[in-house]
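Listed below are the residues making up each chain.
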Amino acid sequence: MVLLGGYRGNFWEVLCQALAPGRESPPSQSLARALVESGALVLLLDGINEVQDSDLQRRLVTEINALTAPAAPTARSLWIVSGRVQDYEQSRLRLEYLEARRWELQPLTADLIYQYLASAFGDAQGLVLYRELGQNLREVCTRPLLLSMVFAVYQQTGRVSTGRGALYREFVGLLLRWGDERAVDSEIRAQLAGLLPEPLTDERYAALAEQALSALAAAMVTTLSEWGTAMKYVAAGLTTATAASRERVANLLLESLVRRSVLQRDTFHRVRFFHHTVQEYFQARRLIGVPASELIPAGGIPAERREAIIFLAGLLPDPAPLVERALEFDLALAFEMLHDLPRPVPQLSRRLAELLWERIRLGSVTGNQRRVARLFQRVAAQRGQSVEELAAEIDGAKSRTQQAQRLMVFYSELGDTQSQQRVLRGAMQGQDVPDDLLFRAASTACSTGDDDQAIDLYTRYLKQHPTHAVAHNNRGFSYRRKRDVDAALKDYQRAIELDGRAPFYTNLAVLLDQMKRRPEAIQQLEIALKKDPASASAHFFLANYIEADDPERALSHRDQAVRFAPHDEDLAIYLCELADLQEKLGRYAPAIRSLREMIALDPTNAQVASRKGRIATLRQRLDEEQRTRSTRERLQEQGELPVSVMAVEWLKAAGLKVVESTAIWLLASNERQPPTLLPVSLASEPLLTGALLRELIDSLPTAWRRYGEVLIVTGTDTLTTEAHHQLAALQDEYKVALVTALDIRDALLKSDIVCHQLLDQARKHTGRKADPFAHQGVVSERTEFFGRTDDLRTLADRLGQGQQVGLFGIHKIGKSSLLAHLGRRLHVGHPEITVVQVELNAALRSAEDVYNLIIRQMPSADDLPTTNLTAETFRQTLTAFHRRRQQERPGHRLLLILDEYAYLIPDHTGQGRVQDFISVLGLLKALHQEGWLLVLPCGRTAALNRQAVWGRDENPFINLLHPHFLGPMLREENDALMQSLGRRAERPLDFTPEALAAVYAETGGHPAFSRLLGSRIVSAASGEITAGHVTAAIEALLSKKDDYALLTAIYDKLDEEEQHLARQLAQQGPLPRQQLIPADAEIERRKRVRDAIDNLIDITVLVQQPDGMIAHRYGLLRRAVEREIEELGLEI
Amino acid sequence: MSATLRTNPYHPTRPASHEIFVGREDDCRSLLAALRSQGHAASIAGPAGIGKTSLLNAVQRMLLANPDLPALIAYLDLQKGHASLDLLLRHLADALMAALQSQHGLRCPDACIAQTHALATQRAQIGEILAPILEYAFAHTQVAYIPVLLLDNVHRLGVAATEDLASVLQTAVNQHQITCALAGRDELVAGSYSETSPFRMLISYNLNLTPLSAAQTRELVAKANTCGWEVEEGCDTLAYQLTGGHPYKLHYYLANVLTTSERLSCEGLRRRQPEIEPYLAALFRAEPTIALGSSGYAELSELIRQLIRENRLEDALEHLRAEARWRDQATLLILRLRRCLSDMNTGLVRRDEASAEQTAIAAAILQLLHG
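Residues numbered from 1 in each chain as written. Chains lettered and ligands numbered in written order. Predicted model: local features only at pLDDT ≥ 70, side-chain atom pairs only at ≥ 80, totals over all residues.

All right, on to the overall build of chain B then. A tally of regular secondary structure across chain B gives 15 helices and seven strands. Sequence-distant contacts, at least 24 apart, represent 71% of the contacts inside chain B between residues at least 6 apart. (Helix = DSSP H or I, 4+ residues; strand = E, 2+ residues; numbered from the N terminus. Contact = placed C-beta atoms within 7 Å.)

Attention now moves to the overall build of chain A. When helices and strands are counted, chain A shows 54 helices and 23 strands. Here chain A, with 1132 residues, has 44% of them falling under the buried criterion. Of all intrachain contacts in chain A linking residues separated by at least 6 positions in sequence, the fraction that spans at least 24 positions is 64%. (Buried ≥ 20, exposed ≤ 12 C-beta atoms within 10 Å, placed from the backbone.)

Residue and element names in this part refer to chain B. Burial analysis of strand β4 (residues 179-184) places six of its six residues in the buried class, which makes it a mostly covered element. A two-sided burial pattern is seen for β4, the buried positions comprising Thr179, Ala181 and Ala183 on one face and Cys180, Leu182 and Gly184 on the other. Note: strand β1 (residues 41-45) against β4, five bridges, orientation parallel. Within the sheet, the bridge partner assigned to Ser43 lies in β4 and is Leu182. (Pairing = 2+ DSSP bridges.)

Contacts between chain B and chain A engage 31 residues on the former and 29 residues on the latter. For the side of chain B that touches chain A, the secondary structure elements donating two or more residues are α5 (126-141), α6 (159-174) and α7 (199-202) of chain B. Among the elements that take part in the side of chain B that touches chain A, α6(B) stands out by supplying eight residues, more than any other. Residues belonging to the side of chain B that touches chain A are distributed by class as follows: 10 nonpolar, 14 polar and seven charged. (Nonpolar A, V, L, I, M, F, W, Y, C, P; charged D, E, K, R; others polar.)

A few words on the sheet that holds strand β21 (residues 1071-1072) of chain A. All names here are of chain A. The strand order β21-β23-β22 describes an open sheet built from three strands, whose pairing is antiparallel. Strands with a single pairing partner mark the edges of an open sheet, and in this sheet they are β21 and β22 (1102-1104). Relative to strand β23 (residues 1109-1112), β21 is paired through two bridges, and the arrangement is antiparallel. Paired with Pro1072 across the bridge in β23 is Met1109.

With that out of the way, let us pick up the sheet that holds strand β18 (residues 962-965) of chain A. Residues and elements named next belong to chain A. Spatially, the five strands line up as an open sheet ordered β13-β14-β15-β12-β18, and their pairing is parallel. The strands lining the two open edges of the sheet, one partner per strand, are β13 (833-839) and β18. Going across the sheet, the axis of each strand differs from the next one's by a mean of 20°, ignoring polarity. Across two bridges, the pairing between strand β12 (residues 805-808) and strand β15 (residues 933-939) is parallel. Considered in β15, the bridge of Phe808 is made with Gly939. (Axes fitted to C-alpha atoms, helices over the stretch in contact; angles between N-to-C directions.)

The next subject is the environment of A:Leu1037. Residues and elements named next belong to chain A. Positionally, Leu1037 belongs in helix α49 (residues 1027-1039). Residue Leu1037 is classed as buried on the basis of its C-beta count, with 22 C-beta atoms lying within 10 Å. Each C-alpha atom of the pair Leu1037 and Leu1012 lies 8.4 Å from the other, and the pair is 25 residues apart in sequence. Leave out the neighbours within four places in its chain, and Leu1037 touches Leu1012, Leu1013, Arg1016, Asp1043 and Tyr1044.

In this section: the packing of helix α24 (residues 451-464) of chain A against helix α25 (residues 469-481) of chain A. Residue and element names in this part refer to chain A. Two elements in contact, α24 and α25, have axes whose closest approach is 9 Å; the angle formed by their N-to-C orientations is 155°. What the angle tells us is that α24 and α25 run roughly antiparallel. Read as a crossing pair, α24 and α25 show a hand that is left-handed. Along the contact surface, α24 presents Asp451, Ala454, Ile455, Tyr458, Thr459, Tyr461 and Leu462, while α25 presents Ala471, His472, Asn474, Arg475, Ser478, Tyr479 and Arg481. In terms of residue class, the contact of α24 with α25 is made up of seven nonpolar, four polar and three charged. (Parallel < 35°, antiparallel > 145°, perpendicular 65-115°, else oblique. Left-handed = near helix turned anticlockwise from the far one by under 90°.)

Residue and element names in this part refer to chain B. Of the residues in chain B, 88% have a pLDDT of 70 or more, and the chain-wide mean is 82. Between residues 191-197, whose pLDDT stays under 50, and residues either more than four places distant or in other chains, the model counts 17 contacts. With pLDDT under 50 throughout, residues 287-295 is counted as low confidence; its partners more than four residues away or in other chains account for seven contacts. (pLDDT = per-residue confidence, 0-100.)

Moving on, we get to helix α15 (residues 351-369) of chain B. Residue and element names in this part refer to chain B. Relative to the 27 Å expected for 19 residues at 1.5 Å per residue, α15 spans 27 Å between its end C-alpha atoms, a close match to the ideal helical length. Taken together, the buried positions of α15 are Ile361, Ala362 and Ile365. One side of α15 holds all its buried residues, which, seen down the axis, span an arc of 100°. Those residues of α15 that are exposed and angled more than 90 degrees off the buried face are Asp352, Thr359, Ala363 and Gln367. (Expected span 1.5 Å × (residues − 1). Arc of directions from axis to C-beta.)

Right, let's talk about the nonpolar core for a bit. If you look at the biggest cluster of nonpolar residues, it comprises 244 residues, and the most contacted ones within it are A:Val713, A:Leu895, B:Leu96 and B:Ala181. No other element matches helix α3 (residues 85-104) of chain B, which puts 10 residues into this core. Setting aside chain neighbours within four positions, we find A:Leu895 in contact with A:Leu799, A:Leu826, A:Ile833, A:Thr834, A:Val835, A:Val836, A:Leu934 and A:Leu936. In terms of nonpolar packing, the next biggest core, distinct from the first, is built from 149 residues, A:Leu216, A:Met231, A:Val278 and A:Tyr574 among them. (Core = buried A, V, L, I, M, F, W, Y, C linked by C-beta atoms within 7 Å.)

This paragraph deals with the environment of B:Tyr136. Among the secondary structure elements, B:Tyr136 is positioned in helix α5. Those residues within four positions of B:Tyr136 in sequence are excluded, and the remaining contacts are B:Cys108 and B:Cys112.

Moving on, we come to helix α39 (residues 752-764) of chain A. Between the first and last C-alpha of α39(A) there are 18 Å, a value that for 13 residues agrees with the 18 Å anticipated at 1.5 Å per step. Burial of α39(A) is extensive: 10 of the 13 residues sit out of reach of the surface. Buried residues of α39(A): A:Asp752, A:Ile753, A:Val754, A:Cys755, A:His756, A:Gln757, A:Leu758, A:Leu759, A:Gln761 and A:Ala762, and no others. Residues of α39(A) that are buried make contact with α35 (643-653), β10 (709-714), β11 (735-740) and α38 (741-750) of chain A together with α5 of chain B.

This is the structure in structure tokens:
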């Protein structure tokens, strides 16, 4: 076994050490070579990903390739190399000869976990231990490393901790110590020690790690965070390092925690905890002190918070108030909490038992409360009592018959007929069934299959209770089994007459089907589903009946049956049918998932082996299918691929071919005339800094420098200001183009031509430009987009939390550009959200037009209907899309961005374009209320959120949106834009601080205004730009109408009252609010003016100064309005 | 004396060909600069006859002559039968497909045409409609063509249709999917205000076309010389004085003189002036497309009668079509007229039959005009 973590550039060195571990004088390299060449060795090279340095990595792979080449004598030995799939995929290095026999280890399945425990502790104890783990811990144990840690903890303490909190503490402690023997992060530890004032002992390191993890978990909104953001979160939580070094310490800590597998880093440099429950564990700490009513709201707690609240109970000195709150609203949660507490609290578990017992009694449809019954069993076990002891304790005041009745209900829920009979026998006096036990006795007879007895008992019972619907239903069931269909039909119909519950319709349907009346049966099931859409059995039978004719629809019902299965026994049946149908329809991946779920449901079942055999067969078919699929199809399905894979595919799609490569560079060539060669670098670092750009350019192979052009593909979407400046400076040496992996991903998902256009666009932005400030339309290129960090974060966070947001702002402030970048940010931070963006326009006349437009922009729109869409088909299409995605991405949501939403609603004159816009809004709102659709309208005003009615129609969106008014850029963002673009000019500009201040004073940070002014400056000056140059440029700009057309256009787009205010303030300067509202005007006019002032402040045309005066926000706009007044003689 | 075969280079109603096109160098340069990359929209505004179409044609020629620019240039005259937005979108796509065939020899397959038409019918966004064409072209040439749409006579569309057009163009321009130039009589950026009217935001370069200068007029007059006509000195100055450099008027005068005399002389110009001047005055007075008052109606009626007398039925119908109340009937009559002319040219009907049909159309015009 060769641990590759110790590789330093010579494979034979590490091999020799491995051949004689611990010996001071290892065997000679020639001996080692002779041994390998003899073919006598099986070489296990472990942890290729642990070689971090890219040069070393390349050297190692080259060495292994040379040694494993079929003609090499060293290939006579057997070679096995292990490493993390993701790291291997991300590096472009290939194990040329071993690649063909590549095995990917999958997570452990439940049965393997059980087998592991059984082999370690014996079958009986293994089974006990397995059951002790509980569902959540079993999930964690799917990673062998973690399973062995559970095992290690068990070995240390002799038990599986009941509190997961304690277990996680132990886990993390072990992970922090893991890998010491491999020195996985010795360099990082050394660098870290250099930055800290105190010595870095193991304890200190553990404390720092805990601080970092707590800060990170507390700040992360979702399970993923970008590296740069994560670094900031961690830095903010550190108390030890100096302020200056905090970010560097945070960076090193993150790196160390990634190497130790406490955290993980993906292709897009997003960080996540190795398991979401660990994040929740650390998150729980921030919840201490939050009132129980807030933690567990009456409407239920969000799923993502559930774990954190369970952990919290274990952390609180007095968990009683929190558990009692859970007892009010969520018994399963209360059970989990009690199970997790470090010490038992008998009075709370007794209360829980009482409530569970009460709920079982209420259940009348057998089997629906089986999970509750199971929970009751577990509570009894926790308390060290038998079920009957605990039940007797609760029902102590009741008669014996009543107690027996309730116990029989309990056992019938569990399907335990023997116990039902036992209880019944115990309660009977001789052979007679007492009247008050008639119903339960009949149910028991029915459960045991004694239909004659059941019919007899139910008939007796019905004589006393002729309107008991359940009794009719149950007797009908027994009649049906006896094939007395007429009697059964009569009973079922009577039950429905008395109480039209979904299960009765389902039973009737089954009977009708038995009577060869399938269409009626289907009809009855549809009624059942209308009554109760969550009726698993109705979905199940409906799927059975329609499967032959409409397998796709049947599949959807089978999915629903699984989703709503009331207990594990039914779930097992439903899963089995679902897996069969999935397999039949060629849905191999979902079929594998269903089979895995079946195994997880009952891992000790004898059928596990055959199910695994089926999985293996399906896996082969899936692999065959995958092999024939293009990278694009994989991308479509998986959402993302390693940057290196995407980059190569993208270059190919754009018409280029990779002709040569080194460790970090590719050489791409086009085959057209004249052929050009383009060096391409893959920058996988999480943050693109100026220094890194310099390093990359310096590493360009000498032979490729003559091509004069360079393309950098970066995995990150974050460009520091300094990186912008460096990029401008590098243009003197080479034409440096830059694209992000997210751009590439988007282009690949669209088409070849878009790939080509992306490449073309990136190359166009290289070199020096006469006017680098000029830019039309949406700014989608990363190198042209400045600032907006806070806006992007706020919007992404809000959307991530499921809030509806509206984006509003003055024309040309950059809303559409922000949306383009928001889409990418969401892909990185919230991969569970599918973004669909549409830009509305005047071509839309009807709701159908709007629905068509949306559907056409959906991913995989080719498979969706785009003609004759009604509201219902639109809803169905969207819902079906969401469900499909939900299977691949749990917690999936669809974000619909409606840019230029004003085209949907009537304008200020009340004229509407889309006739039935209210129904569109109503439908979008209804879908939003289902919890998976987010709508983000974008436009100049917040009318959609504010206007109560249009004519007679009420606005369904009133106050539904969280308005986000996009203001100008911050001063430093504006400075970055001016400086960076100025440096890219053919005659570069160098702004003095006074000049930058003068620009900001005039443009107010409005990006289009700053670019406009920049264009004017660059046309007249170069070199050092002073405030004087800026003033001259403003004068020049305002002297030519065409040049400031953008400003007047923005003014023209304001409505009448707004224009009036803009003129008044341009001419008279800042005024108090009261003075702007004409006192002598009618109330309606005054209201209009007030609203216009508020809107102009919201969209940042005006600003309320600290002294309360209202003034123009943008100097340039004010001047343009002044010009209009002068030229046109406009009255105020 | 032997007759010399000389062509009359002037034609007031046709856009200027490469040979006769003069001046406008700065305008062409600016327009080309504005159209060279995706995501730009330029407008050319100016009164009737000022040379908007000729300038568009000149720009088209220059773009085609530039091998470095992978442009796919489609010219579309918006006065021709664009009754609805989907029809207009369809014509845009057809024009682009025709451009692909004529400029690059690629004929879109039927499936691509059908897909494009279906998208146009659904009033999809321009980017979506053109995508199948561009993708097809890319697959065959590995060139990502930039669609350059040259849209002429925008003023013919009417307010609502113009706003629709501007709005759909806006999306495509913003997304850098197309580049376009719009030519019309009104200055597009000074259009009427509306909450969602996007013209002001669409146009990034606006060109107000002015008459030719005296020097450019001299250049134009000299073209007769290159075609073998004798040109008297001082003709250019007089032509400039008579027309103010207005290209239509210049062409009208020069064409007229060359039709009736053997040389281009000051005397010839002066002799034609009494006849030409009232016609041109009437023609250009009738230009505004606003609702006509009683005096405006009388002028238009006179102009149309004059055009009918000159057998310029299509011109007469175009004037009628500019008025909203006659638009639909006039459009139908134009179609009828074109069918008749086409049938005559292809020999489907005899000349006398076609003549009878034209007489019927003229009668229909007069009937329309007088209610």
